Every structure is written in C-alpha cells, then in structure tokens.
Amino acid sequence: MAEEVVQETWMAVLEGLDGFEERASFKTWLYRILANRARSRAVREGRSVPFSALADAGPEERVDPERFDAAGRWRDPPVGWTDQTPERLALEAETRRVMEVAVAALPATQRAVLVLRDEEGLETDEICNLLGLTVTNQRVLLHRARTRVRQALEAYMRGGRPC
Amino acid sequence: MLTCKELTELVTDYAEGNLSFVDRLRFRVHIGMCRDCRRYVRQVKATAAALGALPVPELSPDLEQELLRRFDDWKQTRRS
Ligand SMILES: [Zn+2]
C-alpha cells in the first residue's frame with residue numbers, strides 16, 4: 001500500500017483530534033475522515049462538483065440578511081422541497097453529492113462536529129469530550145455547519161438539476 | 001415577538017432541545033403562524049436527518065489495519 005496514502009490520512013486524522021481515547025471512537029472517526037478527504041480531493045481535481053453555483057455560494061454561516069426585510073420577516077423565503085424525505089436526499093446521487101461537497105468544504109472543526117453529531121449520531125457530551133470543545137462552542141459550530149449544508153441544498157434546488 | 005431572522009439563528013438550539021421553556025414557546029408560536037419559517041425548520045431538520053442517512057464510506061482493510069496500528073503507537077507515546 002502506498003506510504004503516501006497512509007501518511008496523508010494519518011496527518012488528516014491527527015489534525016486537531018488530540019482527544020481520542022478509545023479505539024472504537026477513533027475508528028468511527030477514521031471512516032468519516034477518509035470519506036471526507038476523498039471528497040475534498042475529488043472536488044479539488046474538479047471531478048464530481050455537481051454544479052458551479054456551489055462554488056459561488058460562499059461560506060454562508062447564516063441566512064443571507066438580504067433575505068429578510070427591515071422588520072426581520074422573510075422577503076425571500078426558503079423554496080419548498082416538497083417531495084424530499086431525508087432518505088431521498090441521502091440516497092439520490094445528486095443531492096447526496098451536494099451534501100458531501102458541502103460537508104467537505106466546511107472548516108475543519110465545523111466538519112468534525114457535524115460529522116460526529118449528524119452522521120454518527122453522537123451525543124453532545126461525547127463530542128465535546130472528543131474534540132475538547134465547550135458545550136456553547138459545540139452548539140455554535142453545529143449550527144453554522146447545518147446552516148451551510150441546508151444552504152447548499154437550497155442552492156441546488158433553486159438552480160435546478162444539472163444536466 | 002420573535003422575527004423570522006431571529007428564528008433562523010435559533011433553529012439548531014430548538015432542534016437539539018437546548019432552548020429554555022419560554023424561548024421554546026416563542027419559537028413554537030412563531031412557526032405556528034409563519035409558513036416560511038415552518039418550512040425553514042423542516043428543511044434544517046431534513047438536512048440533519050439526511051446527513052445521518054448517508055451511506056457509510058468504505059475503507060480498505062489494509063489501510064484500516066495500518067492506521068489502527070499507528071493509532072496504538074501514537075497512544076503509547078502519549079502515555080509515556
Ligand atoms: Zn417566520
């Protein structure tokens with residue numbers, strides 16, 4: 001096996017993840033790190049980017065303030081995804097790719113929190129322990145990460161399906 | 001009264017059950033009356049659930065073994 005692959009993966013694993021005490025939680029993490037690394041690489045190489053709009057969307061951590069009026073009411077409300085169950089979003093190739101690309105593009109700590117909470121279903125306490133975060137920080141990071149991924153899905157739904 | 005803009009900032013705390021009783025009530029009152037925010041909350045929840053439904057990525061047995069070995073080594077050096 002290529003030493004390079006091992007080394008690259010290992011470095012990715014070590015990056016900011018000092019907290020792992022258990023082999024099992026490390027293993028869980030490993031799978032996700034690898035998947036996300038592979039995705040980032042694919043994105044860098046220009047493969048599998050489903051639509052160009054995502055690149056332009058920018059790192060939005062909250063809903064664009066322009067979408068609200070002066071009184072804080074929706075001026076430009078979210079579009080509907082009437083027929084989209086979570087299972088469909090996850091299994092349909094295009095929406096899955098949109099989510100994967102959005103997750104890969106997150107800042108490292110946001111990605112770590114989102115992956116452990118939403119992909120792996122870990123409890124908040126466990127995540128705080130694993131990553132050495134305060135509960136407050138964990139909440140903020142999760143919020144930003146989810147906001148971005150939802151945003152990416154909305155951008156995709158709005159932009160229509162790529163050909 | 002909570003605005004739509006404020007609501008979008010509270011949505012994760014709402015979904016995660018972190019809001020105080022009063023804030024939760026205000027949140028509920030708002031989504032009870034506002035279709036757009038109801039949709040927004042649904043989408044954030046659907047996004048989180050969809051992330052949980054993503055297929056588990058594959059890892060080659062060789063790479064897994066090698067990385068676990070490194071992990072064990074790494075832990076040893078941390079302890080010593
Ligand atoms: Zn509203």
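Note: the structure precedes this text.
Structure report, in brief. Along each chain, residues carry numbers from 1 onward, in the same order as the chain's sequence is written. Labels are handed out in written order, letters beginning with A for the chains and numbers beginning with 1 for the ligands. Selection of residues for local features in this predicted model requires a pLDDT of at least 70, selection of side-chain atom pairs for listing and counting requires 80 or more, and totals for whole chains, interfaces and linings are taken over all residues. For side-chain calculations, the full set of non-hydrogen atoms in the structure is used, while hydrogens and water are omitted.

## Some thoughts on the overall build of chain A
Scanning chain A from N- to C-terminus turns up eight helices and zero strands. Of the regular secondary structure in chain A, the N- to C-terminal order runs α-α-α-α-α-α-α-α. Only protein chains enter the accessibility calculation, which uses a 1.4 Å probe. A residue is then buried if its area is under 20% of the maximum for its type, exposed if over 50%, and partly exposed in between. Per-residue burial for chain A yields a buried fraction of 45% across its 163 residues. For chain A, the share of sequence-separated contacts (at least 6 apart) that also reach a separation of at least 24 residues comes to 64%. Of the roughly 8,100 Å² that chain A leaves accessible, carbon and sulfur atoms contribute 49%. Secondary structure elements follow DSSP: runs of H or I of four or more residues count as helices, runs of E of two or more count as strands, with numbering from the N terminus. By definition, residues are in contact when any of their heavy atoms lie within 4.5 Å. Only the protein chains shown count as cover for residues, with accessible areas throughout obtained via the Shrake-Rupley method and a probe of 1.4 Å.

## Considerations on the packing of helix H2 (residues 21-33) of chain B against helix H3 (residues 35-52) of chain B
Residue and element names in this part refer to chain B. Fitted lines through C-alpha atoms serve as axes, helices being fitted only where they are in contact, and the angles separating the N-to-C directions of these axes extend from 0 to 180 degrees. The geometry of H2 relative to H3 is characterised by a closest axis approach of 5 Å and an angle of 115 degrees between their N-to-C directions. Considering the angle they form, H2 stands roughly perpendicular to H3. Between H2 and H3, the residues in contact are Phe 27, His 30, Ile 31, Gly 32 and Met 33 and Arg 35, Cys 37, Arg 38 and Val 41, respectively. When describing relative orientation, an angle under 35 degrees is termed roughly parallel and one over 145 degrees roughly antiparallel, while 65 to 115 degrees is termed roughly perpendicular and anything else oblique.

## Quick word on the coordination of the zinc ion
All names here are of chain B. The zinc ion binds to the protein through Cys 4 (SG), His 30 (NE2), Cys 34 (SG) and Cys 37 (SG), with metal-donor distances spanning 2.0 to 2.4 Å. In this analysis a donor is any N, O or S atom within 2.8 Å of a metal ion (3.2 Å for sodium, potassium and calcium), and since water is not included, sites may seem incomplete. Of note, the donors binding the zinc ion are all from one chain and are spaced C-x25-H-x3-C-x2-C. Note that Cys 4 is positioned in helix H1 (residues 4-15) and Cys 37 in helix H3, a separation of 33 residues in sequence. When its relative accessible area of 4% is taken as the criterion, Cys 4 is described as buried.

## Thoughts on the environment of Leu 7 of chain B
Residues and elements named next belong to chain B. With respect to the secondary-structure elements, Leu 7 resides in helix H1. Judged by relative accessible area, Leu 7 falls into the buried class, the value being 0%. Residues Leu 7 and Asp 23, 16 residues apart in the sequence, show an inter-C-alpha distance of 10 Å.

## Looking at the side chain of Asp 118 of chain A
Relative to the helices and strands, Asp 118 of chain A is located in helix H6 (residues 108-119). On the basis of relative accessible area, Asp 118 of chain A is assigned to the buried category, the value being 8%. For this analysis, a polar contact is any N or O atom pair within 3.5 Å, provided that within protein one partner can donate a hydrogen and the other can accept it, and provided that sequence-adjacent residues contribute only side-chain to side-chain pairs. Reaching out from Asp 118 of chain A, the side chain makes a polar contact with the side chain of Arg 146 of chain A at a distance of 2.8 Å. Asp 118 of chain A has contacts with Leu 142 and Arg 146 of chain A together with Ala 48, Leu 51 and Gly 52 of chain B, leaving out every residue within four places of it along the chain.

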